[in-house]
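Listed below are the residues making up each chain.
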Amino acid sequence: KAGVTQTPRYLIKTRGQQVTLSCSPISGHRSVSWYQQTPGQGLQFLFEYFSETQRNKGNFPGRFSGRQFSNSRSEMNVSTLELGDSALYLCASSEEGPYYGYTFGSGTRLTVV
Amino acid sequence: QKEVEQNSGPLSVPEGAIASLNCTYSDRGSQSFFWYRQYSGKSPELIMSIYSNGDKEDGRFTAQLNKASQYVSLLIRDSQPSDSATYLCAVNGGAQKLVFGQGTRLTINP
């Protein structure tokens, strides 16, 4: 089985721009979650999607948004980028239910300059 | 109070010894508990999961859960230099939202 695929791997953007990150989950996994990882804050939950519906959202400003498509692929968007948005963005997929661990993609390293 | 707390370390253990990593959580309704390993520059990798009180063993790894004390631990026996990494404790409260601790950085000294 192919793993979780995230694209692109690296991005450099300028303050004020917007960015879209993509995630393809493991085949058959319908739950997709997004996390932001920074050295100071660790892994912070952004949101979780299931069957094209956002079921959970973390404490991030509205500049952070996402969506999921009918094939379970997901995208997240960050608008009006700030320097503090520089981070590793991780996508994870899982089977439905609390007893399944998440499988992470390799992440997208976003640098805002 | 943070939802999931871990000692950030660094924790230094000699090769061949037992490494003990600890985690506490605040939500008594939490249903499942996971340990992830993250090497520098890589994404987290699931190494253990546990759902019931007691111990669960998988090779050199043992996960321990005590729901009454809201405590999860990971033991690594016969520690190897390749075990040097950051270990993340994660807790699922049943809402399909995995909450992570800050991670414990473990170094195994040859």
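Above: the structure in question.
Model, not experiment: these values are computed from the prediction.

## Points about the overall build of chain B
No. 1: Across its full length, chain B holds 0 helices and 11 strands.
No. 2: Written out in order from the N terminus, the α and β elements of chain B read β-β-β-β-β-β-β-β-β-β-β.
No. 3: Whereas a compact globule of 110 residues would reach a radius of gyration of roughly 13 Å, chain B reaches 13 Å, a difference of no more than 12%.
No. 4: Overall size of chain B, expressed as C-alpha extent along the three principal axes, is 40 × 30 × 20 Å.

## Examining the environment of isoleucine 26 of chain A
Residue and element names in this part refer to chain A.
No. 1: Inspection of the secondary structure puts isoleucine 26 in the loop between β3 (19-24) and β4 (31-38).
No. 2: Sequence separation of isoleucine 26 and glutamate 52 is 26 residues, and the distance between their C-alpha atoms is 16 Å.
No. 3: Setting aside residues no more than four positions away along its own chain, isoleucine 26 makes contact with Lys1, Ala2, Gly3, Val4, Ser93 and Thr103.

## Re the state of the cysteines
No. 1: In this structure the tally under the stated criterion is 2 disulfides over all chains.
No. 2: Through a disulfide, cysteine 23 of chain A is tied to cysteine 91 of chain A; the S-S separation comes to 1.8 Å. Between cysteine 23 of chain A and cysteine 91 of chain A, the S-S torsion sits near -60°, and that sign places the bridge as left-handed. Taken together, the positions of cysteine 23 of chain A in strand β3 and cysteine 91 of chain A in strand β9 (residues 87-94) put the pair 68 residues apart, joining distant regions of the chain.
No. 3: The disulfide partner of cysteine 23 of chain B is cysteine 89 of chain B, and the S-S distance across this bridge is 2.1 Å. Its S-S torsion of approximately -70° makes the covalent link between cysteine 23 of chain B and cysteine 89 of chain B left-handed. Placement of the pair is cysteine 23 of chain B in strand β3 (residues 19-25) and cysteine 89 of chain B in strand β9 (residues 85-92), with a sequence separation of 66 residues. Cysteine 89 of chain B carries the same exposure label as cysteine 23 of chain B, and that label is buried.

## Focus on unusual backbone geometry
No. 1: Going from threonine 7 of chain A to proline 8 of chain A, the amide bond is cis rather than trans, its omega being -10°.
No. 2: Tracing the chain through its elements places proline 8 of chain A in the loop between β1 (5-7) and β2 (10-13).
No. 3: Following glycine 9 of chain B, the chain continues to proline 10 of chain B via a peptide bond in cis, the omega torsion being 10°.
No. 4: As for its placement among the helices and strands, proline 10 of chain B is situated in the loop between β1 (4-6) and β2 (11-14).
No. 5: Its identity is not glycine, yet serine 51 of chain A carries a phi of approximately 45°, on the positive side.
No. 6: Within the fold, serine 51 of chain A resides in the loop between β5 (42-50) and β6 (53-57).
No. 7: Even without being glycine, glutamate 52 of chain A reaches a positive phi, approximately 70°.
No. 8: By the secondary structure assignment, glutamate 52 of chain A is in the loop between β5 and β6.
No. 9: Judged by relative accessible area, glutamate 52 of chain A falls into the partly exposed class, the value being 48%.

## Here we look at the side chain of glutamine 37 of chain A
No. 1: By the secondary structure assignment, glutamine 37 of chain A is in strand β4.
No. 2: A relative accessible area of 14% places glutamine 37 of chain A in the buried class.
No. 3: Beyond its immediate sequence surroundings of up to four residues, glutamine 37 of chain A is in contact with Gly42, Leu43, Ala87, Leu88 and Leu90 of chain A together with Gln38 of chain B.

## Remarks on the sheet that holds β3 of chain B
All names here are of chain B.
No. 1: Taken together, 5 strands build an open sheet; the order of strands is β1-β3-β8-β7-β6 and the sheet is antiparallel. Whereas interior strands pair on both sides, the edge strands pair on one side only; in this sheet they are β1 and β6 (54-58). In this sheet, adjacent strand axes meet at a mean angle of 20° when their direction is disregarded.
No. 2: As defined by bridge partners, strand β7 (residues 61-66) adjoins strand β8 (residues 71-76) across 6 bridges and the pair is classed as antiparallel.

## Here's the deal with the interface of chain B and chain A
No. 1: At the junction of the two partners, chain B supplies 18 residues and chain A supplies 24 residues.
No. 2: Around 1700 Å² of area is buried between chain B and chain A when both sides are counted, 50% of it from carbon and sulfur atoms.
No. 3: On inspection of chain B and its partner chain A, the count reaches 0 salt bridges.
No. 4: Run the count over chain B and chain A and you get 7 residue pairs in polar contact (both at pLDDT 80 or more).
No. 5: At the level of secondary structure, the elements contributing two or more residues to the side of chain B that touches chain A comprise β4 (32-38), β9 and β10 (98-100) of chain B.
No. 6: No other element matches β4 of chain B, which puts 4 residues into the side of chain B that touches chain A.
No. 7: When the residues that make up the side of chain B that touches chain A are grouped by side-chain class, the tally is 9 nonpolar, 8 polar and 1 charged.

Calculation criteria
Residues numbered from 1 in each chain as written. Chains lettered and ligands numbered in written order. Predicted model: local features only at pLDDT ≥ 70, side-chain atom pairs only at ≥ 80, totals over all residues. Heavy atoms only, no water. Helix = DSSP H or I, 4+ residues; strand = E, 2+ residues; numbered from the N terminus. Rg over C-alpha atoms; globule rule 2.2 N^0.38 Å. Contact = heavy atoms within 4.5 Å. Disulfide = S-S within 2.5 Å. Buried < 20%, exposed > 50% of the residue type's maximum accessible area, 1.4 Å probe, protein only. Pairing = 2+ DSSP bridges. Axes fitted to C-alpha atoms, helices over the stretch in contact; angles between N-to-C directions. Buried area = accessible area lost by both parts, 1.4 Å probe. Salt bridge = Lys/Arg side-chain N within 4 Å of Asp/Glu carboxyl O. Polar contact = N/O pair within 3.5 Å; in protein donor to acceptor, adjacent residues only side chain to side chain. Nonpolar A, V, L, I, M, F, W, Y, C, P; charged D, E, K, R; others polar.

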